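# Descriptive analysis of the structure
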Amino acid sequence: MIRRSVVLGCGSYLPAKIVTNDDLAKRLETSDEWIVKRTGIKARHIAGPEEKTSDLALAAARAALADAKTDAASIDVIIVATTTPDNTFPATAARVQAALGLTAGFAFDVQAVCSGFVYALAVADNFIRLGQANKALVIGAETFSRLLDWNDRGTCVLFGDGAGAVVLGASEGKGDKTDRGILSTHLHSDGRHYDLLYADGGPGSNGKTGTVKMEGQEVFRHAVTRLAEVVDEALAANDLKPEEIDWLVPHQANQRIIEGTAKKLNMPPERVVLTIANHANTSAASIPLALAEAAKDGRLKRGQIVLLDAMGGGFTWGAAVIRW
Ligand code: ACO
């Protein structure tokens, strides 16, 4: 028997304010047609001036705990994946821990930009597998709108704000692909590509917050290749064939990147969870937002195989295979 991390529940939170492509076109030289055709994005949620990343994270966490019917006091570790923490320090996860009224256990942030949720899930899974935690709260939360140059049409149309969370609990498995829970996680990074996608500032290192700088076509090219590789790696590690995957729940950066991965897996669009049209790219929040949506509307069913994949600045990329 081996220890596994089973998803006990999911939750999400989206700020109330919705900005459509037409709204952006009123103040930028862009159009709904251009944005939809290149990315699949139609609208994004934007946090209010008083809303911080920890507020979004807390709302998603509370929803996930309720869905999991889990008392916050039983959580051993809280991990927040974010690129937009409330402050340089302390960790946004510690703010969430305090807001949940917890003083036991431990909380910290993980920074892997758009791959952040897969990284945080892998870290939490390892704590659980090693017996150092029995329950984990894994959150992806971003106020990415704060990192954007709203005059750069090449980047500002792509992103949105939001948060998603999952509660993981320890369970016993046989150690093969029939087990419920996280079957494997696969993480990679390659820091050589810094200049293709980065924020030119903070936190703390050079005295300014900075905004997102991106070579879109190059990022696109790398994303398609790296995601195809890591998806192959994840399938091989579990002796799974593409047709055994019930759901692809990808990071939502660009619909064309997602379609590329789905095509490689020979997966029909009905088995791909897409939220990009209404959420845009919410960085570390996009996968848990998509999981929460598909769990809530009944698409994800117990026993099904769910494949997560993500790629982001760093470059970082990764995948996870979960039996729901
Ligand atoms: N509206 C209208 N025109 C625009 C806009 C816009 N919002 N943005 C750029 N353009 C113009 C450019 O100025 C350029 O004009 P020019 O030909 O006169 O010079 C033209 O459109 C083409 O620009 P490209 O950058 O070549 O357009 P491309 O087809 O590559 O699409 C995009 C750009 C959507 C950013 C695409 O490259 C992409 O999605 N890349 C992936 C990047 C990504 O997803 N990053 C997210 C973070 S990383 C991740 O999560 C994977």
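Structural notes, computed from the coordinates. (Residues numbered from 1 in each chain as written. Predicted model: local features only at pLDDT ≥ 70, side-chain atom pairs only at ≥ 80, totals over all residues. Heavy atoms only, no water.)

## Observations concerning the sheet that holds strand β13 (residues 316–323)
With mixed pairing, four strands are arranged side by side in an open sheet as β8-β13-β12-β11. Where the open sheet ends on each side, the last strands, each with one partner, are β8 (181–189) and β11 (247–250). With direction set aside, neighbouring strand axes in the sheet form an average angle of 15 degrees. Together, β8, β12 (305–312) and β13 form the strand contacts of helix α5 (residues 116–129), whose direction differs from that of β8 by roughly 125 degrees. (Pairing = 2+ DSSP bridges. Helix = DSSP H or I, 4+ residues; strand = E, 2+ residues; numbered from the N terminus. Axes fitted to C-alpha atoms, helices over the stretch in contact; angles between N-to-C directions. Contact = heavy atoms within 4.5 Å.)

## Description of unusual backbone geometry
For residues other than glycine, phi is negative in most cases, and the peptide bonds are mostly trans. For the bond running from Phe 89 to Pro 90, omega is 0 degrees, close enough to zero to count as cis. Within the secondary structure layout, Pro 90 lies in the loop between β4 (77–81) and α4 (92–99). A cis amide bond links Gly 314 to the next residue, Phe 315, at an omega of -10 degrees. With respect to the secondary-structure elements, Phe 315 resides in the loop between β12 and β13. The phi dihedral of Asp 239 falls on the positive side, at around 55 degrees, and the residue is not glycine. Mapped onto the secondary structure, Asp 239 falls in the loop between α7 (216–237) and β11.

## Considering the side chain of Asp 190
Mapping Asp 190 onto the fold places it in the loop between β8 and β9 (197–199). One polar contact links Asp 190 to His 193, side chain to side chain, over a distance of 3.4 Å. In this structure, Asp 190 is in contact with Gly 314, Phe 315 and Trp 317, ignoring residues within four places of it in sequence. (Polar contact = N/O pair within 3.5 Å; in protein donor to acceptor, adjacent residues only side chain to side chain.)

## Focus: the packing of helix α3 (residues 53–67) against α4
Where α3 meets α4, the closest approach of the two axes is 9 Å, and the angle between their N-to-C directions is 50 degrees. One finds that α3 runs oblique with respect to α4. In the crossing of α3 with α4, the sense of the turn from one axis to the other is right-handed. Where α3 abuts α4, its residues Thr 53, Ser 54, Ala 57, Leu 58, Ala 61 and Arg 62 lie against Thr 92, Arg 95, Val 96 and Ala 99. Residue classes in the contact of α3 with α4 are distributed as five nonpolar, three polar and two charged. (Parallel < 35°, antiparallel > 145°, perpendicular 65-115°, else oblique. Left-handed = near helix turned anticlockwise from the far one by under 90°. Nonpolar A, V, L, I, M, F, W, Y, C, P; charged D, E, K, R; others polar.)

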